[in-house]
Structure formats: C-alpha cells, structure tokens
Amino acid sequence: MQAGKAYPFAPVGATLPGGLKLDRRKIRGIESNGMLCSAKELGLGVDHDGILELDTTAAPGTKFLDALPIADDQIVIDVGANRPDLLCHRGVAESWRRCLEGR
C-alpha cells in the first residue's frame, strides 16, 4: 500500500461475497476494525495476490459502489438439456424478450 492511493475497506459488520461476515477480533494482538480487500475477496476476480488498488478520485470513506460504479444487472439462465437453442445470443435474447412480455 502507498500513501495517497485508494483501497477498498470492509468494516466490522460487513458481509463479503460468499457470506463471510467480518467480526471484531484481535490480529497479532491488535483489535481489528475491518480489512482491506483483494479483488477475489470482493468477488471481482480471482486475483488474490494483494490488496486491490482503486483507480478513483473519490474521497476516503466513499461507499465502494459510489466510488466505482460497477453494479450491473445479471441474468441467470438455467438451460435444460433439451433446449440447446437457448445457448446462443439469439436464443438468450428471444427468451429474455418473452420473459419481459410475460409469456
């Protein structure tokens, strides 16, 4: 870590992706108030080599999704073995259109 850089911080009480809830505990004899996070701990990738350095000008204490607006919609598609036509872009788009139309 370097002075002047921004890093994601999860305070005590935060729940990380995967269900890990941060509790107040001692680490090396010092009480912890949370943790700095890697991309993997935030569910943003598989990189677990170190703390994620953020490219943002947001003020310290800004909520993560306000500092880096990465929230996005996600469509989960459960495709049965009898519908291989739904595994292509056109099939996904057609299924989504039908869903939006209420069919």
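Cut-offs and rules
Residues numbered from 1 in each chain as written. Predicted model: local features only at pLDDT ≥ 70, side-chain atom pairs only at ≥ 80, totals over all residues. Heavy atoms only, no water. Patch = residues over 30% accessible without salt bridge, like charges linked within 9 Å, V, L, I, M, F, W, Y side chains within 5 Å. Areas by Shrake-Rupley, 256 points an atom, 1.4 Å probe, with all protein chains shown as cover. Salt bridge = Lys/Arg side-chain N within 4 Å of Asp/Glu carboxyl O. Helix = DSSP H or I, 4+ residues; strand = E, 2+ residues; numbered from the N terminus. Buried < 20%, exposed > 50% of the residue type's maximum accessible area, 1.4 Å probe, protein only. Expected span 1.5 Å × (residues − 1). Contact = heavy atoms within 4.5 Å. Polar contact = N/O pair within 3.5 Å; in protein donor to acceptor, adjacent residues only side chain to side chain. Core = buried A, V, L, I, M, F, W, Y, C linked by side-chain atoms within 4.5 Å.

1. Some details on a nonpolar patch on the surface
A surface patch of nonpolar side chains, amounting to about 270 Å² of accessible area, comprises Leu44, Leu65 and Ile70. Structurally, the position occupied by leucine 65 is in helix H1 (residues 64–67). Relative accessible area serves as the criterion here: at 48%, leucine 65 is assigned to the partly exposed category.

2. Topic: helix H2 (residues 89–101)
Compared with an ideal rise of 1.5 Å per residue, which puts 13 residues at 18 Å, H2 spans 18 Å between its outermost C-alpha atoms and is within 8% of the ideal. Looking one or two places after H2, you find glycine 102, whose phi comes out positive at around 85 degrees.

3. Considerations on the side chain of serine 38
For serine 38, the location among the structural elements is in the loop between strand E4 (34–36) and H1. What serine 38 contacts, discounting residues up to four positions off in sequence, is Asp47, His48, Gly50, Ile51 and Leu52.

4. Overview of the pattern of salt bridges
Enumeration over the complete set of coordinates arrives at six salt bridges. The shortest N-O distance in the salt bridge between arginine 98 and glutamate 94 comes to 3.3 Å. Separated by four residues within a single helix, arginine 98 and glutamate 94 lie in helix H2, roughly one turn from each other. Residue classification places glutamate 94 among the partly exposed residues on the basis of a relative accessible area of 28%. Where salt bridges share partners, they join Glu94, Arg97, Arg98 and Glu101 into one cluster.

5. What about the environment of glutamate 94?
Once the C-alpha coordinates of glutamate 94 and glutamate 53 are considered, the two residues, 41 residues apart in sequence, prove to be 39 Å apart. Among the polar contacts listed, one links the side chain of glutamate 94 to the side chain of arginine 97, at a separation of 2.3 Å.

6. Focus on the nonpolar core
Counting residues in hydrophobic clusters, the biggest one holds six residues: Ala10, Ala14, Leu16, Leu22, Cys37 and Leu42. Apart from residues no more than four positions distant in its own chain, alanine 10 is found in contact with Leu16, Leu22, Gly34, Met35 and Cys37.

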